[in-house]
Amino acid sequence: MKSVTCTAPVNIAVIKYWGKRDEKLILPVNSSLSVTLGQDELRAKTTVATSKEFTKDRIWLNGKEETVATERLQNIFREIKRRARRRKADSKAEDAVVSWKVHICSENNFPTAAGLASSAAGYACLVYSLAKLFGVEGEISDIARQGSGSACRSVYGGFVEWEKGVKEDGTDSLAKQVAPETHWPEMKVLILVVSDHKKHTSSTAGMQTTVKTSQLLQYRAEHIVPQRSQEITQAILDKNFPKFAEITMKDSNQFHAVCLDTYPPISYMRDVSQQIVRLVHAYNKLCGQARVCYTFDAGPNACLFLLEEDVPRVVSLVSHFFPPAVGDESNFVRGIPLIPDTPSQVDVEGIPLEPQPGAIKYVIHTKVGGSPQALTNPKESLLGEDGLPLHIVKS
Ligand code: DP6
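What you see is a predicted model; the values in this text were computed from it and never measured. Each chain has its residues counted from 1, following the order in which its sequence is written. Per-residue local features are limited, in this predicted model, to residues with pLDDT of at least 70; the limit for side-chain atom pairs, both in listing and counting, is 80 or more; totals at the level of whole chains, interfaces and linings are taken over all residues. Where side-chain values are given, they derive from all heavy atoms of the structure, hydrogens and water being excluded.

Draft legend 1. Spatial organisation of the pattern of salt bridges. Take a side-chain nitrogen of Lys or Arg and a carboxyl oxygen of Asp or Glu: if they are within 4 Å of each other, that pair is a salt bridge. Taken as a whole, this structure holds 16 salt bridges when the rule is applied. Residue D310 pairs with R291 through a salt bridge whose shortest N-O separation is 2.9 Å. Of the two residues, D310 sits in the loop between β14 (302-307) and α8 (311-321) while R291 sits in the loop between α7 (271-287) and β13 (292-296), which places them 19 residues apart along the sequence. Exposure is judged per residue with a 1.4 Å probe applied to protein chains only, and the accessible area is read against the type maximum: over 50% gives exposed, under 20% gives buried, and values in between give partly exposed. What makes R291 partly exposed here is its relative accessible area of 23%. Among the charged side chains, a network of salt bridges with common partners joins E79, R82, R83 and D142. Under the scheme used here, helices are H or I runs from DSSP no shorter than 4 residues and strands are E runs no shorter than 2 residues, and both carry numbers assigned from the N terminus.

Draft legend 2. Quick peek at the sheet that holds strand β1 (residues 2-9). Strand pairing requires that DSSP identify at least two bridges connecting the strands. Strand order across the open sheet formed by six strands is β8-β7-β9-β6-β1-β17, with mixed pairing between neighbours. Of all strands in the sheet, those with a lone pairing partner are β8 (64-66) and β17 (373-375), marking the two edges. Ignoring which end each strand starts from, the neighbouring axes of this sheet average 25 degrees apart. Pairing between β1 and β17: three bridges, direction antiparallel. Among the inter-strand pairings, C6 is bridged to a residue of β17, identified as A374. By definition in these notes, contact holds between two residues if any of their heavy atoms fall within 4.5 Å. The axes used here are C-alpha line fits, helices contributing only the stretch in contact, and every angle between their N-to-C directions lies in the interval 0 to 180 degrees. Against the sheet, helix α2 (residues 119-133) contacts β1, β6 (43-51), β9 (101-108) and β17, and its axis sits at roughly 145 degrees relative to β1.

Draft legend 3. A look at the layout of surface pockets. Of the pockets and cavities examined, the second largest pocket occupies roughly 260 Å³. The way it works is a 1 Å grid over only the protein atoms, where trapped points that fit a 1.4 Å probe form a cavity and open points with protein on both sides within 12 Å along at least five of seven lines form a pocket, and then any residue with an atom within 4 Å of a point lines it. In terms of lining, the second largest pocket is formed by 14 residues, of which the most central are L25, E79, R145, Q146 and D169. Elements with a contribution of two residues or more to the lining of the second largest pocket: α1 (71-91) and α3 (141-145). Grid points are joined across faces, edges and corners, and a volume is the space filled by probe spheres set on the points.

Draft legend 4. Fine view of the packing of α7 against α8. Where α7 contacts α8, the two axes come as close as 12 Å, and the packing angle between them is 135 degrees. As the angle between them shows, α7 and α8 are arranged oblique. Every pair of crossing elements has a handedness; the one defined by α7 and α8 is right-handed. Within the contact between the two elements, α7 uses L279, Y283 and C287 and α8 uses R313, V314, L317, V318 and F321. Amino acid classes used here: Ala, Val, Leu, Ile, Met, Phe, Trp, Tyr, Cys and Pro are nonpolar; Asp, Glu, Lys and Arg are charged; the rest, including Gly, are polar. Here the residues of the contact of α7 with α8 sort into seven nonpolar, no polar and one charged. Throughout this description, any angle smaller than 35 degrees is read as roughly parallel, any larger than 145 degrees as roughly antiparallel, any in the 65 to 115 degree range as roughly perpendicular, and the remainder as oblique. In this scheme, a crossing is called left-handed if the near helix is turned counterclockwise away from the far one by less than a right angle; it is called right-handed if the turn is clockwise.

Below is the structure:
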């Protein structure tokens, strides 16, 4: 048995991908740009193994066996094996291993219930691990893209652009790094996980309806995103936080406006999400410039970007206005350790909100992070020597 274990990061888009021009190849209607997050706090971990003895391909996600018979998984397997065979043919090596079946076991280090986009990290990790297992080198973001569009951006660390490309076969629809994770070390991230049990429309289904019904989406793709992508790239390169923050918030707002322009409309933000928006704008007003910004994906959780110097003050205000419910006080702020300030009278009075106990479940403090990693310690493997998962969750 041959096996490889790797980890891959979550990414959060600041210029949102929403809408496909090709459903099969997963080609987007506009380019998007994201920030890769730190893997200590948020990551997928995947072990892939192959053996002559395996009788079929199998996959376990967070301890539960799932079907491999999905179009997206099959496309990934086919493409990895095609490239592996091409490489083997070039080097005239025997290609028996390429025809063996695979076992895949993947888990996240954050609760799925947190409602954070886990498919990007998961598919990026799968593709990265399979590429290592079968000796596929070179660009793999186009393969990750065929698992989930946003996954192509998790193949790189730092600040990453997914260029939509123009070719029909999708070969130019790739992710590329705009700046590495070391470029802007002062940049930090707070994820506010809100209490919410409602099932949301999946991104895949939601964007399908948007493409069919929203004229605003077409306008956005043609007239807004190209310029915004250029401007935010420049703001990142110049480390111009107020500009970065303004574009990030405007693009999140426009993405949610496009969701409302969908017919029937889709709304991902909740009351608590709107209150977070108000908190951020009130804070920036108190500061006289944008010092923190929000972005929301296809769910009500907020992702805040801010510079290190503002973290204690912002966390103190989040804890003041959204204190944990009674009994949930411990571990309210997770991730990179910090000592929050006590909120100042001036700040509290300058923010027009009433405290909402229990509206936020917890906060994850993280930073800009690096690319997927292969783990060399065999103890990290999620599969035992028999090729079966070490931890199974009984359903
Ligand atoms: C709102 O990548 O999950 O997070 O390509 O259908 O798998 P599929 O969709 P997915 O959509 C992500 C949408 C988003 C914005 C973004 O990450 O750019």
